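Per-entry structural report
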Amino acid sequence: MSAIIETSGLSRLFKQNRAVDNLDLEIQPGELFGLVGPDGAGKTTTLRLLAGLLYVTEGSASVAGFDLRTQPESIKPQIGYMAQEFSLYAKLSVLENLRFFAELYNVSKTEQKERTERLLTFAGLTEFKERRAVHLSGGMQKKLALACTLIHQPPILLLDEPTTGVDPVSRREFWNILTELHLEGTTIIVSTPYMDEADRCSRVGLMYAGKLMVCDTPQNIRHQIEGELIEIFPDNWQAAHQIVSTIPGVLEVQTYGEALHLLVEDGENQLPKIETALKQEGIHINGARLAPKRMEEAFISLIRRIESEAEEIADE
Ligand SMILES: Nc1ncnc2c1ncn2[C@@H]1O[C@H](COP(=O)(O)OP(=O)(O)O)[C@@H](O)[C@H]1O
Ligand SMILES: [Mg+2]
C-alpha cells in the first residue's frame, strides 16, 4: 500500500529557528498516528504544514497523492484540521457552527441536513444544538470542533491536542469517537500530551526540537526502555528518591506525585533489596510492586536520554 501522507526532509524555519527540522514521515491509509513531544517540539508546526496552512521552507510532502507545495487547493477537501486553540464561532450556536463549516466546504444542503443530524448524535450534542458555542463545556466545545472538521467527510484528520485541558470523562468520550473513525478507515494524526492516549495509537512519533526522534508502535517504544518497572509508595518520597538512586542495579528513578517508579535490571530480585534498604533508613513503605512499563515511563526516559545526549554534544 502506498502512503497517504509522505514527507521528505520537510522543514519549516521561523527566522533561524528550525521549528520542524528535516522531517521524514510516512503514514499509511487508516493509521491512527500519535504525535508526542514536549512543548515547542514542533507538533503544531508539523500539523499546520500538512494542513497547508504554513509555507514549507525546505523539503517536500505529499498528502492524499497531491503535492503540498504545488497542489494545496486539491489537498484541502481531503483533510479535516482541528487547531489546538479554540476555533469555533463563539456567538454562533452548535447548529450554526456546523452550517458555517459545511458552507465553507461546499457541502450540499441535503448532505448537510443528513450529516448534521448524524454528527450531532455522534458527538452527543443533539440536546445542545441551539446553545451558543461559548456556553458549552470545554469537552463539548472540543466535540463540536471535531464535528465541524468532519462535516465534509475528509479521509484524513489532523487533530492538534484535541483533548488538552478536557476533563477525563470527556477525554474518554472523545477517544471513543476517534476509535470509531479509525475503525471506519479514516487516517488520523493526533498530537497529545497524554501518554495514555499515545498508547491507544497504532504508531507514535516522538518529536524533540523539530526532529522526529523515535517513530514506532507503542509496544516497541515501551520495550526500547531498558529494565523492569518497580512502583513504590514511600511515606517520604524525597528521602526515598535519594536512597534508591544510589542502589546498584537501579537504572532510573521517576516521580509520579508521591509514588516512585524505578527502572531496575532485575525486578523480582531487586524489589526485596530495595524495600530493605528503605526500611533501614527509617522510611515506611505503603506499597511496592512490580508493574508493567507504560508509555509514560518510556516517554520520560527517552526525553532524558535525548537531553543528556544534547548536553554532551554542547559540552564537546
Ligand atoms: N508563528 C510562529 N512564529 C515564530 N515562531 C514560531 C511560530 N510558531 C511556532 N514557533 C516556534 O516553533 C517551535 C515549535 O513550535 P510548535 O510547533 O508550536 O511546537 P509544539 O506544538 O510541539 O508545542 C517553537 O520554538 C515555537 O516557538
Ligand atoms: Mg502545539
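Owing to the predicted nature of the structure, the values given are computational and were not obtained by experimental measurement.

1. Quick look at the overall build of the chain
When helices and strands are tallied, the chain shows 11 helices and 14 strands. Taking all 316 residues of the chain together, the buried fraction comes to 37%. Sequence separation of at least 24 residues holds for 68% of the intrachain contacts in the chain that already meet a minimum separation of 6.

2. Here's the deal with the domain arrangement of the chain
Per the domain assignment, the segments making up the chain are domain 1 (5–221) and domain 2 (226–292). Placing the centre of domain 1 and that of domain 2 at their C-alpha centroids yields a distance of 39 Å.

3. Digging into unusual backbone geometry
The phi dihedral of asparagine 22 falls on the positive side, at around 60°, and the residue is not glycine. One non-glycine residue, alanine 209, adopts positive backbone phi at about 50°. Mapped onto the fold, alanine 209 is located in the loop between strand E9 (203–208) and strand E10 (211–216). Since 17 C-beta atoms lie within 10 Å of it, alanine 209 is described here as partly exposed.

4. What about the site of ligand 1?
Neighbouring residues of ligand 1: Phe14, Asn17, Ala19, Gly37, Asp39, Gly40, Ala41, Gly42, Lys43, Thr44 and Thr45. Elements that contribute at least two residues to the shell around ligand 1 include exactly strand E2 (17–27) and helix H1 (43–50). If you tally residues by element for the shell around ligand 1, the top one is H1, at 3 residues. Each residue belonging to the shell around ligand 1 can be placed in one class, and the counts come to 3 nonpolar, 6 polar and 2 charged.

5. A word on the packing of helix H3 (residues 94–104) against helix H4 (residues 109–122)
Contact pair H3 / H4: the axes reach a minimum separation of 11 Å and the direction vectors enclose 135°. Considered as vectors, H3 and H4 are oriented oblique to each other. Relative to H4, H3 is oriented so that their crossing is right-handed. Residue-level inspection shows Leu95, Leu98, Arg99 and Ala102 of H3 in contact with H4, the latter providing Gln112, Thr116 and Leu119. Split by residue class, the contact of H3 with H4 holds 4 nonpolar, 2 polar and 1 charged.

6. As for the nonpolar core
Counting residues in each nonpolar core, the largest one holds 77 residues, and the members touching the most others are Leu144, Ala147, Ile151 and Leu158. Top element by residues in this core is helix H5 (residues 138–150). It accounts for 7 residues. Summarising the domain contributions, this core has at least three residues from each of domain 1 (5–221) and domain 2 (226–292). Not counting chain neighbours up to four residues away, the residues in contact with alanine 147 comprise Leu98, Leu119, Ala123 and Leu125.

7. Focus on the sheet that holds E9
In spatial order, the strands read E6-E7-E8-E3-E9-E10; together these 6 strands make up an open sheet with mixed pairing. Looking at the sheet topology across the chains shown, the edges are occupied by strand E6 (79–82) and E10. Neighbour-to-neighbour, the strand axes of the sheet open up by a mean angle of 15°, direction not taken into account. Of the pairings in the sheet, the one linking E6 to strand E7 (residues 156–160) comprises 4 bridges and is parallel in character. Residue pairing in the sheet places glycine 80 in a bridge with leucine 157 of E7. The strands touched by H5 are E6 and E7; relative to E6, the strand with the most contacts, the crossing angle is about 160°. Those strands touched by helix H6 (residues 168–183) are strand E3 (32–36), E7 and strand E8 (187–191), and its axis lies near 150° from that of E8.

8. Overview of the sheet that holds strand E1 (residues 5–14)
Strand order in the open sheet formed by 4 strands is E2-E1-E4-E5, with antiparallel pairing between adjacent strands. Two strands close off the open sheet at either side, each with one partner strand: E2 and strand E5 (66–67). Taken together, the 2 bridges between strand E4 (residues 58–63) and E5 define a ladder with antiparallel strand orientation. Counterpart to serine 62 in the pairing with E5 is aspartate 67. Along the sheet, H1 contacts E1, E2 and E4; its crossing angle with E2, the most-contacted strand, is approximately 60°.

9. Regarding the pairing of E7
The side chains of a regular strand alternate, residue by residue, between the two faces of the sheet. For E7, the buried fraction is high: 5 of the 5 residues fall into the buried class. Relative to E8, E7 runs parallel, the two being bridged by 5 bridges. Each residue of the ladder has a partner; that of isoleucine 156, found in E8, is threonine 187. The parallel pair E7 and E8, bridged by H6, forms a crossover whose chirality is right-handed.

Conventions used here
- Residues numbered from 1 in each chain as written.
- Chains lettered and ligands numbered in written order.
- Predicted model: local features only at pLDDT ≥ 70, side-chain atom pairs only at ≥ 80, totals over all residues.
- Helix = DSSP H or I, 4+ residues; strand = E, 2+ residues; numbered from the N terminus.
- Buried ≥ 20, exposed ≤ 12 C-beta atoms within 10 Å, placed from the backbone.
- Contact = placed C-beta atoms within 7 Å.
- Domains from an automatic or database assignment.
- Near = placed C-beta within 6 Å.
- Nonpolar A, V, L, I, M, F, W, Y, C, P; charged D, E, K, R; others polar.
- Axes fitted to C-alpha atoms, helices over the stretch in contact; angles between N-to-C directions.
- Parallel < 35°, antiparallel > 145°, perpendicular 65-115°, else oblique.
- Left-handed = near helix turned anticlockwise from the far one by under 90°.
- Core = buried A, V, L, I, M, F, W, Y, C linked by C-beta atoms within 7 Å.
- Pairing = 2+ DSSP bridges.
- Right-handed = clockwise from strand over helix to strand, strands pointing away.

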